[in-house]
Amino acid sequence: MVMKKYSLALHGGAGTILKNQMNPDLEEQYKKALNEALKCGMDILDKGGSALHAVEEVVVTLEDCPLFNAGKGSVFTHEGHHEMDAAIMSGTDLNAGAVCLVRRIKNPVRLAKLVMDSSPHVLLAGSGAEAFARSHGMEWIDEKYFYTEQRFKQLQNALEENKISLDHDHSSERKFGTVGAVAFDTQGQLAAATSTGGMTNKRWGRIGDSPIPGAGTYANNESCAVSCTGTGELFMRSVAAFQVHALMKYAGLNLFEACFKVVHEILPSIEGDGGLIAIDNKGEICLDFNTEGMYRAFGNSDGSIGIEIYQR
């Protein structure tokens, strides 16, 4: 009996990630967290589970890890709160759910999935999204859960510099704090999910590309599933995730050509930094970025496994 193919890829953000600035203990913590998330998704796919289920559970695992800017590890806003965004999309029927500016939801990706499954809407925001969550009995978390000392220090640094920061420790660094996953299951279905805590010191209800279908998250069985990480405003302006699909469907490019064009031509033309992970409808995996590094991992039914951080 021939085993049907499945593939999975995930990311924990891209940016200025240099080996000479990473201590061995911290690097090992990141790799362990990426491996845990990868194993979670691979176990689901290996048992014949859906791509949609796999990407949700992978992102939940990453949201629960304080190392990444999503869920537990979310950065602080200017006012000292946490405002989280997430999206999930099925390539089978283009159904999608998303939330933004939520503060007291432990796993925003679960709320995004609830929006997709239990409402006629795609995107819910702020207090409305939280009211929807409570009406469906979703767990309510005290904001103290999201406090981490590292993120609080980042806010103090950003306040002193009077700047909005993309998840950074030092002014010379740029790290795009987003987590995401894409999957191709044994039924030939694709799915994508993305979650983020946004930008340190962000104000006025700023929302990035992560919860916007077509910008930071996209899945379509005709082509590919994509999850992005980078300068959100520029990924929105270039409709980055959808661009990969469009280049494949309408221009006839393969997955790797389409991702390269978006990451190394379209985004840089408007000074867009970051990267993306993508899987096509044949199970091929592409992890591409135009920064020094991207926390990433991948695996498939052929036994190929990879956990990487830096640019090769």
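Residues numbered from 1 in each chain as written. Predicted model: local features only at pLDDT ≥ 70, side-chain atom pairs only at ≥ 80, totals over all residues. Heavy atoms only, no water.

1. Regarding the overall build of the protein chain
Definition in use: Where helices and strands are cited, they refer to DSSP runs of H or I of at least four residues and of E of at least two residues respectively, numbered from the N terminus. Radius of gyration here uses only the C-alpha atoms, and the compact-globule reference equals 2.2 Å multiplied by the residue count raised to the power 0.38. Remark: exposure states derive from per-residue accessible area (1.4 Å probe, protein chains only) relative to the maximum for the residue type, with buried under 20%, exposed over 50%, and partly exposed in between. Should any heavy atoms of two residues lie within 4.5 Å, those residues are counted as being in contact. Computed with a 1.4 Å probe, the accessible areas rest on the Shrake-Rupley method; for each residue, only the protein chains presented here act as cover.
Assigned secondary structure in the protein chain consists of eight helices and 13 strands. At 18 Å, the protein chain has a C-alpha radius of gyration in line with the 20 Å of a compact globule built from 312 residues. Projected onto the principal axes, the alpha-carbon positions of the protein chain cover approximately 60 × 50 × 35 Å. The proportion of buried residues among the 312 residues of the protein chain is 58%. Considering only intrachain contacts with a sequence separation of at least 6, the fraction spanning at least 24 residues in the protein chain is 68%. When the accessible surface of the protein chain is summed, it comes to about 12600 Å², and 50% of that surface belongs to carbon and sulfur atoms.

2. Quick notes on the side chain of Asn107
Keep this limit in mind: Counted as a polar contact is a pair of N or O atoms within 3.5 Å, where, for protein atoms, one must be capable of donating a hydrogen and the other of accepting one, and residues adjacent in sequence contribute only when both atoms are in side chains.
As for its position among the elements, Asn107 is in the loop between strand 3 (96-102) and helix 3 (108-118). In this structure the side chain of Asn107 is engaged in a polar contact, spanning 3.0 Å, whose partner is the side chain of Glu63. Non-local contacts of Asn107, meaning those with residues more than four positions away in its chain, are made with Val60, Glu63 and Asp64.

3. Side note on the pairing of strand 7 (residues 190-196)
To be explicit about the condition: In this description, strands pair whenever DSSP reports at least two bridges between them.
With seven of seven residues buried, strand 7 lies mostly within the body of the structure. Side-chain alternation along strand 7 places Leu190, Ala192, Thr194 and Thr196 on one buried face and Ala191, Ala193 and Ser195 on a second face that is also buried. Here strand 2 (residues 84-90) runs beside strand 7; their pairing, made up of six bridges, is antiparallel. Paired with Ala87 across the two strands is Thr194, which belongs to strand 7. One ladder, built from seven bridges, connects strand 6 (residues 178-184) with strand 7; its direction is antiparallel. In the sheet register, Phe184 faces strand 7, and the bridge partner there is Leu190. A loop of five residues connects strand 6 with strand 7, the two strands running antiparallel in sequence, and Gly188 in this loop sits at a positive phi of about 80°.

4. Comments concerning the pattern of salt bridges
Rules: Salt-bridge detection follows one rule: a side-chain nitrogen of Lys or Arg within 4 Å of a carboxyl oxygen of Asp or Glu.
For the structure on display, the rule yields 12 salt bridges. For Arg110, the salt bridge goes to Glu57, with nearest N and O atoms at 2.8 Å. Here the residue Arg110 occupies a position in helix 3, and Glu57 occupies one in helix 2 (residues 51-63), the gap between them amounting to 53 residues. Arg110 sits in the partly exposed class, given a relative accessible area of 30%.

5. Details of the side chain of Asp288
This is how the line gets drawn: None of His or the chain ends enter the tally, which takes Lys and Arg as positive and Asp and Glu as negative.
The topology assignment puts Asp288 in strand 11 (residues 285-289). An unpaired buried charge is present at Asp288: no salt bridge exists, and Arg296, the closest side chain of opposite charge, is 8.5 Å distant. One polar contact links Asp288 to His264, side chain to side chain, over a distance of 2.8 Å. Ignoring sequence-local partners within four residues, the contact set of Asp288 consists of Cys259, Phe260, Val263, His264, Gly275, Leu276 and Met294.

6. Some words on the confidence of the model for the protein chain
Rule in force here: As a per-residue measure, pLDDT reflects the predictor's confidence and takes values from 0 up to 100.
For the protein chain, mean pLDDT is 91; residues scoring 70 or higher make up 92% of the total. This stretch, residues 167-173, has a pLDDT under 50; its non-local contacts, to residues over four places away or in other chains, come to 18 contacts.

7. Re the packing of helix 7 (residues 240-249) against helix 8 (residues 255-266)
Basically, it comes down to this: All axes here are fitted lines through C-alpha atoms, helices being fitted over the stretch that makes contact, and every angle between N-to-C directions spans 0 to 180 degrees. Note on terminology: angles under 35 degrees are roughly parallel, angles over 145 are roughly antiparallel, angles of 65 to 115 are roughly perpendicular, and the others are oblique. By convention, the crossing between two helices is left-handed when the near helix turns anticlockwise from the far helix through less than a right angle, and right-handed when the turn is clockwise.
Contact pair helix 7 / helix 8: the axes reach a minimum separation of 9 Å and the direction vectors enclose 135°. In terms of orientation, helix 7 and helix 8 fall into the oblique class. Remark: the crossing between helix 7 and helix 8 carries right-handed chirality. Judged by residue contacts, Ala240, Gln243, Val244, Leu247 and Met248 of helix 7 engage Leu255, Ala258, Cys259, Lys261, Val262 and Ile266 from helix 8.

8. Some details on the sheet that holds strand 11
The strand order 8-9-10-11 describes an open sheet built from four strands, whose pairing is antiparallel. The open sheet has two edge strands with one neighbour each: strand 8 (217-219) and strand 11. The sheet shows a mean angle of 10° between the axes of neighbouring strands, taken without regard to direction. When strand 10 (residues 274-280) meets strand 11, the two strands line up antiparallel, connected through five bridges. Bridge pairing in strand 11 places Ile277 opposite Leu287. Relative to the sheet, helix 8 contacts strand 9 (224-230), strand 10 and strand 11, its axis offset from that of strand 11 by approximately 15°.

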